[in-house]
Amino acid sequence: MFSSKELFIDAYINRLEDTFGISYKEADNYQKYVILATLVKEYALNNWTKSKEVIKNNHHKQVYYFSMEFLMGRLLTNNLINLGIYDVVSEAMEDLGFNLNEIENKESDIGLGNGGLGRLAACFLDSIASLSYPGHGVCIRYRKGFFEQKFIDGNQVELPEKWLENDFVWETKHENESVLVPFYGVINTKEADGKLVFRHDEAVFVEAIPYEVPIIGYHNNVVNSLILWDAKPCGDNEEDYKIADSLYPNDSTEEGKILRLKQQYFFVCSGLRRIVNQHKQNYQSMDNFHEKVTLHINDTHPTLLIPELMRILIDEEGYSWDKAWHITQNTCAYTNHTILAEALEKWDVNLIKRLLPRIYLIIEELDKRYNAELMEHFGDDKKRINSLRIINNNLVHMAHICIYGSFSVNGVALLHTKILKEVEMKDFNEIYPHKFNNKTNGITHRRWLFSCNPLLSNFLNKYIGKSWITDINQLARLNDFVSNPEVKKDFFRVKQGCKEKLADFIEKKEGIRLNVDSIFDVHVKRLHEYKRQLMNALHIMYLYNRLREDSAFYQNFHPQTFIFGAKAAGSYYMAKKIIKLINTIADKVNNDETVNDKIKVVFVENYNVSYAEIIIPAANVSEQISTATKEASGTGNMKFMMNGAITIGTLDGANVEIVDLVGMENAFIFGLRAEEANEYYKNKSYNSREVYDNDNMVKTVVDMLVNGFFTNVGKDEFKPIHDDLLNKDYFFVLKDFRAYVEAQRKVNELYKNQDKWLEIALKNISNSSYFSSDRTITEYASEIWNLRKMSL
Ligand code: 26Q
């Protein structure tokens, strides 16, 4: 049906008119979207079935990527591209007088994630399928995804995000493949044939219903799956329905903790049940489970896979503990995404005991046996052993279960893995050096370059041909052109085109017009103190003063637009204050005629994947200014680089590898290094008040938070920020401020030399291929998962 424009138009009109009972000319864009997506899904169906057969018939090993988050964004455009039917459809739509872009925009974002970790999972699915590996995602079908953000009076307000209000066209429901997940109850034991047998009585069951979403590879006929589990109460327990109600924001407080644990067991238990059933159907035994399946544990959230697999092997399959442990340990692999202590998951013993009684018994046994191993290594160093135990101080340490129960433990950037091995998980690394490894993150260039930046893609096609789409390493060939004046001019036009598109979009959505000749300086990511949006804000306040006080500075300054996008967890007080501060600064700066032709500030509302796809291509400057040691990797940094923005950043996370590849001279690097930050932390020797007392530049901006500079807010509105900076400043904002101002000065200076700027921007693009998730997934597949490619 997609083989020619004519055939497609015919099928499309027929379906549209049959479905809605109207003439195609009367259809609205949403109706046009639904029919297009439906036909695309049907078109992929054949290859979906075939992919499953190939896996089965050729006994392929498969990976299941268990993640509480998949931040997929929209699917239509990427599916059209990957199926190789974008052009046919686009031309057909034009013939019909339809606007494909407007139709694409009718799709809701699939926002089943908070930020980096969830988007990484989505990029990985694209690369796994596009590289022809058999691998699938497992998650929860949250009825409400990541909240919708509104600003009222400059304050963030969270609204429920109802992506399922319209039908979700891509999914297939498998009602008859539902499974039951047991909670609560009691465990009774009895002896049979000299063995202890465990029976789970009086459990409360929740029904789990799988939905399958096709994950379509690029031009290779491969279709994998994302499996989303919905919860349905058995009987009249309203509570159970809530399990799939909504996604948790990543810094949420006490409230709802039980529900979070229920979610974790719910998707682990149902996901694994389905996998085990399929495996037994194919192989009639669990003996070779670890040879045919890897369960990937995306951060500690799916940790319960380890005791759940043990439960199945022991209680249902009758294996001995040792045999079951051998299979489990060789099946599970774990990725750590953060070293922030407060993000390491610990669960109250009593909670697990009550909610998951059998799982708790297994965790207890794990703790006992693990303890024996620890004693072998560390003798009677009690203190050390206690810090490594699975159960300590009445808490279950999920990361410790993962390290013990997995054959691979990886960090997500070189620096991050180094810190894990040498600091955070040093003792574990001593016991299991062979488990620890690095897999630097990546992003799918099909979404983050090819699909979201057609201008740059055409530019690349023109100079280096189209082969980069399937072999991203070809990007390096752009290096031959980076100092060619014609090419630079051409690239300038590309960037300006992207900036115009963004400016139009922002004008429509936020009601503010941006100057496309200004420097687009972009800071988009979750709002967190360690990411230091506050430092960026203080710098804008500094600029405001300089521009008003110093006419030479004013004359010399190239106009610069500061674009922010970020959501704060609803319960994160400081983060919400910082949003209010930036919105207040925007209000002040944008309405002050003495500065507003030089600087503008815009905080876009409800930043999400689709917004990112418009913002990132338009950036000149990429803000990656986290406190050294705190950002495990970052992935936005990679997307910006690939789209020709220049990084202003600290030597943190993958920024280190970005400058390794592009060269220090082609980025603006400043601030404390990881070792320095760690020294301060270790010795508790940082005193922010000292910086404040001795640096007038710092003092001036900090004072402005409380001295009546902001007139439209209460006097004490920003006092909490002010006080935190002076009394704590855990993230070294004041310490790094002067260095940041200096780096920003260089940014502004360099932009005036377009010849040089464009060359550096092009070098960033041509050295970015390492950050394609195709490279990352190739490493996972060969070094951790041990997968073979499918041929279809
Ligand atoms: C934990 C317990 C209870 C409730 C929520 C959570 C929770 C949820 C989400 C904890 C952490 C997250 C998300 C973490 C995350 O996004 N980490 C980011 O992962 C990226 C991909 O590896 C890295 O690039 C980022 O550096 C890292 O911050």
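Presented here is a report on the structure given in the accompanying data block. (Residues numbered from 1 in each chain as written. Predicted model: local features only at pLDDT ≥ 70, side-chain atom pairs only at ≥ 80, totals over all residues. Heavy atoms only, no water.)

### A word on the site of the ligand
Lining the immediate environment of the ligand, one finds 17 residues, of which Leu117, His337, Asn441, Glu631 and Gly634 sit closest. One of the side-chain N or O atoms of Glu631 is found 2.6 Å from an oxygen atom in the ligand. Protein coverage of the free-state accessible area of the ligand, which is 610 Å², stands at 88%. Looking at the shell around the ligand, its residues break down into 5 nonpolar, 8 polar and 4 charged. (Near = heavy atom within 4 Å. Polar contact = N/O pair within 3.5 Å; in protein donor to acceptor, adjacent residues only side chain to side chain. Areas by Shrake-Rupley, 256 points an atom, 1.4 Å probe, with all protein chains shown as cover. Nonpolar A, V, L, I, M, F, W, Y, C, P; charged D, E, K, R; others polar.)

### Quick notes on the layout of surface pockets
When its volume is computed, the second largest pocket comes out at roughly 920 Å³. As for the second largest pocket, its lining consists of 37 residues, and the residues nearest its centre are Ile339, Ile419, Val423, Glu424 and Met425. Going through the elements one at a time, helix 14 (382-388), helix 15 (398-405), helix 16 (414-424), helix 17 (426-431) and helix 27 (674-683) are the ones with two or more residues in the lining of the second largest pocket. If you tally residues by element for the lining of the second largest pocket, the top one is helix 16, at 7 residues. Grouping the amino acids of the lining of the second largest pocket by side-chain chemistry returns 18 nonpolar, 7 polar and 12 charged. (1 Å grid on protein atoms, 1.4 Å probe; cavity = no way out; pocket = protein on both sides within 12 Å on 5 of 7 lines; lining within 4 Å. Points joined across faces, edges and corners; volume = space filled by probe spheres on them. Helix = DSSP H or I, 4+ residues; strand = E, 2+ residues; numbered from the N terminus.)

### Thoughts on helix 33 (residues 773-785)
Helix length check: helix 33, at 13 residues, gives a terminal C-alpha distance of 15 Å against a target of 18 Å (1.5 Å per residue), a shortfall beyond 12%. Judged by how many residues are buried, helix 33 sits mostly within the fold: 10 of 13 residues are covered. Turning to helix 33, its buried residues number three or more, namely Ser773, Asp774, Arg775, Thr776, Ile777, Glu779, Tyr780, Ala781, Ile784 and Trp785. Its side-chain oxygen 3.0 Å from the backbone nitrogen of Asp774, Ser772 forms the N-cap of helix 33. Phi turns positive one or two residues past the end of helix 33, at Asn786, with a value near 60°. (Expected span 1.5 Å × (residues − 1). Buried < 20%, exposed > 50% of the residue type's maximum accessible area, 1.4 Å probe, protein only.)

### Focus: the side chain of Asn336
When you line up the elements, Asn336 lands in the loop between strand 14 (332-335) and strand 15 (346-348). Side chain to side chain, Asn336 and Tyr334 meet in a polar contact 3.2 Å long. Aside from chain neighbours lying at most four places away, what touches Asn336 is Asp299, Leu344, Asn410, Gly411, Val412, His416, Leu420 and Met425. (Contact = heavy atoms within 4.5 Å.)

### With respect to the sheet that holds strand 16 (residues 391-392)
What holds strands together in a sheet is hydrogen bonding between their backbones, with the strands either parallel or antiparallel. Taking strand neighbours across the sheet as the criterion, the 3 strands line up as 15-17-16 in an open arrangement whose pairing is antiparallel. Only two strands of the sheet have a single neighbouring strand rather than two, namely strand 15 and strand 16. Of the strand pairs in this sheet, strand 16 and strand 17 (residues 395-397) are connected by 2 bridges, and their pairing is antiparallel. When the sheet's bridge partners are listed, Ile391 is paired in strand 17 with Val396. The strands touched by helix 15 within the sheet are strand 15 and strand 17, with strand 17 carrying the most contacts at an inclination of about 40°. (Pairing = 2+ DSSP bridges. Axes fitted to C-alpha atoms, helices over the stretch in contact; angles between N-to-C directions.)

### Considerations on the pattern of salt bridges
Under the criterion given, the structure shown has 55 salt bridges. The partner of Arg143 in a salt bridge is Asp230, with the nearest N and O atoms 2.7 Å apart. Of this pair, Arg143 sits in the loop between strand 4 (135-140) and strand 5 (148-152) while Asp230 is found in strand 12 (residues 223-233), placing the two residues 87 residues apart along the sequence. Of the two residues, Arg143 and Asp230, neither departs from the other in class, the shared state being buried. Between Asp245 and Lys144 there is a salt bridge, with its nearest N and O atoms 3.2 Å apart. Residue Asp245 is located in the loop between helix 7 (238-241) and helix 8 (257-283), and its partner Lys144 is located in the loop between strand 4 and strand 5; the two are separated by 101 residues in the primary sequence. Classification of Lys144 as partly exposed rests on a relative accessible area of 25%. Bridged by salt links that share partners, the residues Arg141, Arg143, Lys144, Glu171, Asp230 and Asp245 form one connected network. (Salt bridge = Lys/Arg side-chain N within 4 Å of Asp/Glu carboxyl O.)

### Some remarks on the environment of Gly145
Structurally, the position occupied by Gly145 is in the loop between strand 4 and strand 5. A relative accessible area of 7% means that Gly145 is categorised as buried.

### Regarding the nonpolar core
Counting residues in each nonpolar core, the largest one holds 156 residues, and the members touching the most others are Phe8, Tyr12, Leu36, Phe266, Leu295 and Trp785. When residues of this core are assigned to their parent elements, the largest contribution, 11 residues, is made by helix 2 (residues 29-57). With sequence-adjacent residues up to four places away left out, Leu36 is seen in contact with Phe8, Tyr12, Leu76, Val89, Met93, Leu100 and Ile103. Core analysis: the second largest hydrophobic core is formed by 132 residues, Ile519, Ile616, Phe709 and Ile721 among them. (Core = buried A, V, L, I, M, F, W, Y, C linked by side-chain atoms within 4.5 Å.)

### Section: empty space enclosed by the protein
Once rolled over the atoms, a probe with the size of a water molecule shows which space is left empty. For the coordinates displayed, the defined rule picks out 5 cavities of 30 Å³ or more. Of the voids in this model, the largest cavity is the one considered here, and its volume is about 170 Å³. Residue lining of the largest cavity: 14 residues in total, with Met72, Leu75, Asn78, Asp126 and Arg447 positioned closest to the centre. Looking at the lining of the largest cavity, the elements with two or more residues in it are helix 3 (76-83), helix 6 (116-130) and strand 11 (204-216). Broken down by element, the lining of the largest cavity gets its largest block of residues, 4 residues, from helix 6. Considering only residue class, the lining of the largest cavity consists of 7 nonpolar, 4 polar and 3 charged.

### A look at helix 19 (residues 454-464)
Taken residue by residue, helix 19 has Leu456, Ser457, Phe459, Leu460, Asn461, Tyr463 and Ile464 as its buried positions. Check the buried side of helix 19 and you find it contacts helix 18 (445-451), helix 20 (485-510), helix 25 (636-642) and helix 32 (754-766). Two residues or fewer after helix 19 comes Gly465, characterised by a positive phi angle close to 80°.

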